[in-house]
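Topology and contacts: notes
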Amino acid sequence: MRASAFLFVVLGLGLCGLVNLQSLQAAEGDLGGRSRTINQRIVPEWIGDTRFTFTMQAADGSVSIRSVDATTGEITTVEPGSSLDPDDALRGGPLPRSQPSALETSVEFVNESDQTVQLFWIDTNGKPRPYSDLAPGQSYSQHTFAGHAWMVKASGGQFYGSTIAQSPPTVARIKEKFEAPKSLSSRDSRSQRDRSDRGRGRIPSPDGMSALQSSPNGVRLRVNGSDEVRWIDLDFGSIDGHNIVSPSWSPDGAVIAAWKVERNDPPETTTIESSPAGGGRAKVRARPYRLPGDKYDVFELFLFDAETGDRLEIELPQIDFGRPRIRWFGEHQLAIEKVDRGHQRVRLFVIDPLEQTVRTVIDETSTTFIWTMHGPQVPLFTYLENTEEVIYASERSGYRHLYLVDLLDGGMQDAERGEASQGEPSPRSSPREGGMRAITSGDWLVREIVRIDEAARSLDLMVGEYYDDQDPYHQHLVRVGFDGEGLVAITQSDGDHSVQFSPDGQFVVATHSRVDSPPVHELRRAEDGSLIAELVRAERVGKDPSNGSVPKVFHAAGRDGETEIWGNLYFPADFDPSLKDRYPVIEAIYAGPHDSHVPKRYSHSARYQELTDLGFVVVQIDGMGTANRSKQFHDRCWHNLKDAGFPDRIAWMKAAEKEFPAIDLSRVGIFGTSAGGQNACGALLFHGDFYKAAYASCGCHDNRMDKASWNEQWMGYPVGQHYAGNSNLEHAEQLRGDLFLVVGELDSNVPPESTYRLVDALVKAEKDFEFLMIPGMGHSDGGSYGRRRMRAFFVEKLKPGSGRHEVEDESGE
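Parameters at a glance
Residues numbered from 1 in each chain as written. Predicted model: local features only at pLDDT ≥ 70, side-chain atom pairs only at ≥ 80, totals over all residues. Heavy atoms only, no water. Helix = DSSP H or I, 4+ residues; strand = E, 2+ residues; numbered from the N terminus. Buried < 20%, exposed > 50% of the residue type's maximum accessible area, 1.4 Å probe, protein only. Contact = heavy atoms within 4.5 Å. Areas by Shrake-Rupley, 256 points an atom, 1.4 Å probe, with all protein chains shown as cover. Pairing = 2+ DSSP bridges. Axes fitted to C-alpha atoms, helices over the stretch in contact; angles between N-to-C directions. 1 Å grid on protein atoms, 1.4 Å probe; cavity = no way out; pocket = protein on both sides within 12 Å on 5 of 7 lines; lining within 4 Å. Points joined across faces, edges and corners; volume = space filled by probe spheres on them. Nonpolar A, V, L, I, M, F, W, Y, C, P; charged D, E, K, R; others polar. Core = buried A, V, L, I, M, F, W, Y, C linked by side-chain atoms within 4.5 Å. Salt bridge = Lys/Arg side-chain N within 4 Å of Asp/Glu carboxyl O. Phe/Tyr/Trp six-rings, centres within 6.5 Å; stacked < 30°, edge-to-face > 60°. Polar contact = N/O pair within 3.5 Å; in protein donor to acceptor, adjacent residues only side chain to side chain. Expected span 1.5 Å × (residues − 1). Arc of directions from axis to C-beta.

As a further point, take the overall build of the protein. The helix and strand tally for the protein stands at eleven helices and 47 strands. By the burial criterion, 55% of the 813 residues in the protein qualify as buried. Of all intrachain contacts in the protein linking residues separated by at least 6 positions in sequence, the fraction that spans at least 24 positions is 63%. On the protein, roughly 34,400 Å² of surface is accessible, and the fraction owed to carbon and sulfur atoms is 46%.

Structure (structure tokens):
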């Protein structure tokens with residue numbers, strides 16, 4: 001990880017600029033002396049590129065609007081009823097889209113041009129909808145809502161920019177012309193023939209002179225000659241049992257592409273609604289549900305010469321997993337992605353149909369898995385809009401990093417083709433390997449691509465494991481060039497960050513917090529991370545019952561004695577650390593490999609209070625096998641979901657007991673839902689010497705009986721004996737401790753028969769346990785009834801003699 005740093009920074013989410021002050025103040029006043037946190041979130045409402053407003057609350061419940069000059073950091077109070085009049089409210093660039101909002105405001109449009117213009121509201125789908133006309137010198141106050149987008153265009157097509165409505169109201173002066181956005185130009189350039197074709201369900205060529213249309217034989221091509229119009233049936237061979245989908249034109253109109261699909265509809269899964277509304281017979285519900293090993297649709301790419309209709313032969317493997325996309329670039333080239341089923345090989349093909357060539361520009365393999373589905377915030381492929389390049393995300397170096405690949409002249413290949421295979425981490429990436437360049441490298445990882453500036457050829461990224469002296473799950477903002485040079489850490493504070501940029505990307509409102517520390521909102525300069533101004537600190541006001549309600553962040557070495565495992569402890573409000581072996585422990589578990597799961601950001605509401613109020617200490621831990629650490633850390637789950645990081649969790653709790661002797665590890669319970677339900681049950685099957693009681697709701701107790709896409713990502717394909725080795729069903733005879741199984745009869749996420757068959761296996765193994773099936777319930781933790789039963793269960797099993805009278809229902813009655 002990177003060297004330590006000690007500045008504070010972070011993120012801003014957004015509320016709206018101006019609110020109904022009286023109603024908000026009244027709501028605050030109604031809170032009386034109750035504890036609350038003010039200014040947890042702010043939303044900067046940008047007015048141009050260098051000014052914004054935000055709403056700030058005071059401890060007495062009053063609310064004010066602050067205006068910030070981003071260049072100087074000067075903060076002033078906006079008086080109610082005033083308006084802001086920036087010179088650059090209208091600007092060029094891509095068309096924005098309206099965002100949902102209930103906050104009324106207005107925009108004063110002043111036509112200082114010499115042309116008659118028209119105002120357009122841009123809806124949430126990005127479609128301009130015409131409104132008022134303004135003659136030269138005319139002004140108009142347009143009622144709207146904060147966050148709604150507007151644009152101005154002259155009758156001759158000249159584009160005068162777009163703006164996003166703010167609160168307080170703004171003034172938009174119509175005077176400067178901008179280059180029309182591509183989306184607007186394409187709308188304006190559509191011919192009458194183009195619009196007519198689309199109205200008839202045809203796909204017009206880029207020049208509007210030809211068109212594609214579905215036919216009984218697949219797709220036919222209309223060719224307009226000088227003297228006649230003729231139709232050509234494109235030759236897809238036999239289409240019995242197949243569909244032709246996604247026909248499209250190359251940008252220059254020279255090539256036609258389409259997929260021929262062999263449909264393999266998934267078999268159905270069935271649930272029974274035993275107690276339907278209105279009574280009567282039970283109802284059977286059936287729906288398609290693909291299990292591991294079931295066939296997917298198979299896609300074959302067909303390419304045709306648009307002038308003759310002749311097929312262009314290429315050698316490309318069929319796509320037998322997922323739904324592929326056609327990505328056109330250049331004049332008539334295509335990029336096609338292929339993830340092999342089982343997630344151990346990823347390729348990117350570049351095709352020149354007229355030359356009839358196929359190049360493999362990316363070919364990565366792994367001895368474990370390549371994370372392609374269910375979770376990664378960074379997509380595998382991010383295509384740049386203005387160049388023929390793609391940003392590829394890979395864990396090939398041992399951490400998730402980004403690589404720039406030139407689609408016309410570049411690429412990477414795997415071990416057999418000259419690169420270290422994945423599995424155990426390979427050495428840190430060099431600046432350039434093969435035909436690609438590493439944008440990021442090091443023993444830290446990219447969590448998210450926040451912003452791409454193609455003009456400046458730079459990226460703004462959220463990264464993890466960046467500072468050695470911080471929680472590795474804290475997200476920080478960095479900026480780096482496409483060439484891997486000029487890496488700047490914009491945030492350094494000890495907390496988890498979120499960010500919101502100014503429209504031009506020069507400034508960033510950064511907010512950071514931890515579970516034990518309220519948010520701090522700051523304004524920083526993006527080019528160097530320098531602090532311009534602290535905007536406001538969230539503050540906890542009113543009376544808290546005890547400091548015991550503040551979570552404790554704790555870390556300790558895991559199973560290997562080296563890797564730090566991080567988690568939180570949640571104490572009873574009256575927790576007394578001087579006692580010994582007083583408080584039983586309950587672990588809240590969810591070990592799904594698609595993310596990390598321990599909260600990192602501040603929440604005013606106490607988590608797990610319904611359990612801590614009963615005298616339990618609740619813990620939540622991210623063990624090996626979960627995401628957002630190194631590839632080696634993540635790989636622990638491969639073919640091994642039953643591991644669930646338990647050796648790390650147990651080591652963590654034993655270390656916590658040394659620091660907090662008041663907790664009693666002879667009385668440890670565990671609960672979870674879905675994958676967490678599988679984990680909770682697995683705790684008693686595989687670690688019954690440590691865990692004493694488990695509440696498992698809607699668990700996927702056998703990965704052969706849960707959705708194909710999620711399970712094959714971690715368990716691989718084909719389905720082998722390792723699936724049985726990870727099944728709770730197959731190990732039912734190993735049950736030790738007290739188990740409470742819960743399932744909703746209408747679970748549409750994890751088929752309920754997964755729990756039913758575990759019940760069957762436990763009965764056959766002569767094991768005692770509790771079982772609750774809740775009629776009409778879907779995928780759930782058991783709802784209020786189930787949670788009440790869970791609390792009573794843990795009191796009975798982990799606090800014998802305390803009595804069920806301690807457990808109230810959730811209404812407090």
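Judged from the five bridges that link them, strand β46 (residues 738–744) and strand β47 (residues 770–774) form a sheet pairing that is parallel. Residue pairing for β47: V743 is matched across the bridge by M773.

This brings us to the sheet that holds strand β17 (residues 242–249). Spatial strand order, β17-β18-β21: three strands in an open sheet with antiparallel pairing. Looking at strand neighbours, the two that pair on one side only are β17 and β21 (298–305), the edges of this open sheet. Each strand of the sheet is rotated relative to its neighbour by a mean of 25°, with strand direction disregarded.

When its volume is computed, the largest pocket comes out at roughly 1,800 Å³. Of all the elements in the fold, those that place two or more residues in the lining of the largest pocket are β2 (45–47), β11 (159–164), α2 (182–189), β31 (445–453) and β35 (496–501). Ranked by residues supplied to the lining of the largest pocket, first place goes to β31 with four residues. When its residues are assigned to classes, the lining of the largest pocket shows 20 nonpolar, 13 polar and ten charged.

Let's shift gears to empty space enclosed by the protein. For the structure on display, the rule yields five cavities of 30 Å³ or more. Here the largest cavity is characterised by a volume of approximately 60 Å³. When its residues are assigned to classes, the lining of the largest cavity shows six nonpolar, four polar and three charged.

Among the nonpolar cores identified, the biggest contains 49 residues, and L569, W652, M653, Y691 and L739 are the most heavily contacted of them. At six residues, the largest contribution of residues to this core is made by helix α7 (residues 675–686). Apart from the residues lying within four places of it in its own chain, the contact partners of L739 are C681, L684, A694, A696, L762, F769, E770 and F793.

On to the pattern of salt bridges. Applying the stated criterion across every chain, the model contains 35 salt bridges. One salt bridge in this structure joins R263 and D297, with 2.9 Å as the shortest N-O distance. Within this pair, whereas R263 is found in the loop between β18 (255–262) and β19 (268–273), its partner D297 is found in the loop between β20 (283–288) and β21, the two being separated by 34 residues in sequence. By relative accessible area, D297 is classed as buried at 16%. Taking the shortest distance from any N to any O, the salt bridge between D363 and R345 comes out at 2.7 Å. On the criterion of sequence distance, the pair formed by D363 in strand β25 (residues 357–365) and R345 in strand β24 (residues 345–352) is long-range, its members being 18 residues apart. Given a relative accessible area of 3%, D363 falls into the buried group.

This brings us to the sheet that holds strand β43 (residues 617–622). Across the sheet, which stays open at both edges, the eight strands sit in the order β40-β41-β43-β42-β44-β45-β46-β47 with mixed pairing between neighbours. The open sheet is flanked by β40 (552–557) and β47, the only strands paired with a single partner. Neighbour to neighbour, the strand axes of the sheet diverge by 20° on average, direction disregarded. The strands touched by α7 are β44 (663–673), β45 (693–697) and β46; relative to β44, the strand with the most contacts, the crossing angle is about 145°. Those strands touched by helix α10 (residues 753–764) are β46 and β47, and its axis lies near 145° from that of β46.

With that settled, the discussion passes to the packing of aromatic side chains. All chains considered together, the criterion is met by 29 aromatic pairs. Between W46 and F52, the aromatic rings sit 4.6 Å apart at their centres with planes inclined by 50°, giving tilted as the arrangement. Look at W46 and you get buried, because its relative accessible area is 7%. Residue classification places F52 among the buried residues on the basis of a relative accessible area of 0%. Ring geometry for W259 against F299: centres 6.1 Å apart, planes inclined by 90°, an arrangement best described as edge-to-face.

Turning next to the environment of Y723. With respect to the helices and strands, Y723 occurs in helix α9 (residues 721–725). Here the alpha-carbon distance between Y723 and N703, two residues 20 residues apart in the chain, equals 6.5 Å. Residue contacts for Y723: discarding those within four places in its chain leaves P292, N703, R704, N711, E712, M715, G716 and P718.

Another aspect to go through is unusual backbone geometry. Outside of glycine, negative phi angles account for most residues, and trans bonds account for most peptide bonds. With an omega of 5°, the peptide bond between Y717 and P718 qualifies as cis. Within the fold, P718 resides in the loop between α8 (708–715) and α9. Of note in this structure, H374 is not a glycine but carries a positive phi near 55°. Following the sequence through the fold, H374 ends up in the loop between β25 and β26 (381–383).

This part covers the side chain of N726. Note that N726 resides in the loop between α9 and β46. There is a polar contact of 3.1 Å between the side chain of N726 and the backbone oxygen of H639. Of the polar contacts made by the side chain of N726, one reaches the backbone oxygen of H722; its length is 2.8 Å. Residues contacting N726, with those up to four places away along its chain left out, are H639, N640, L641, K642, Q678, N703 and M715.

This next bit is on α10. Taking 1.5 Å per residue as the helical rise, α10 with its twelve residues ought to reach 16 Å, and the 16 Å between its terminal C-alpha atoms agrees with that figure. Where α10 is concerned, the buried positions are S754, T755, L758, V759, A761 and L762. Viewed along the axis of α10, the buried residues span an arc of 165°, placing them on a single side of the element. On its buried side, α10 packs onto α7, β46 and β47. Immediately downstream of α10, the backbone of E766 shows phi near 60°, a positive value.

Moving on to the side chain of E454. Position of E454 relative to the elements: it lies in the loop between β31 and β32 (458–464). Here E385 takes part through its backbone nitrogen, which lies 2.7 Å from a polar atom of the side chain of E454. In this structure E454 touches L384, E385, N386, T387 and F482, once residues within four positions along its chain are discounted.

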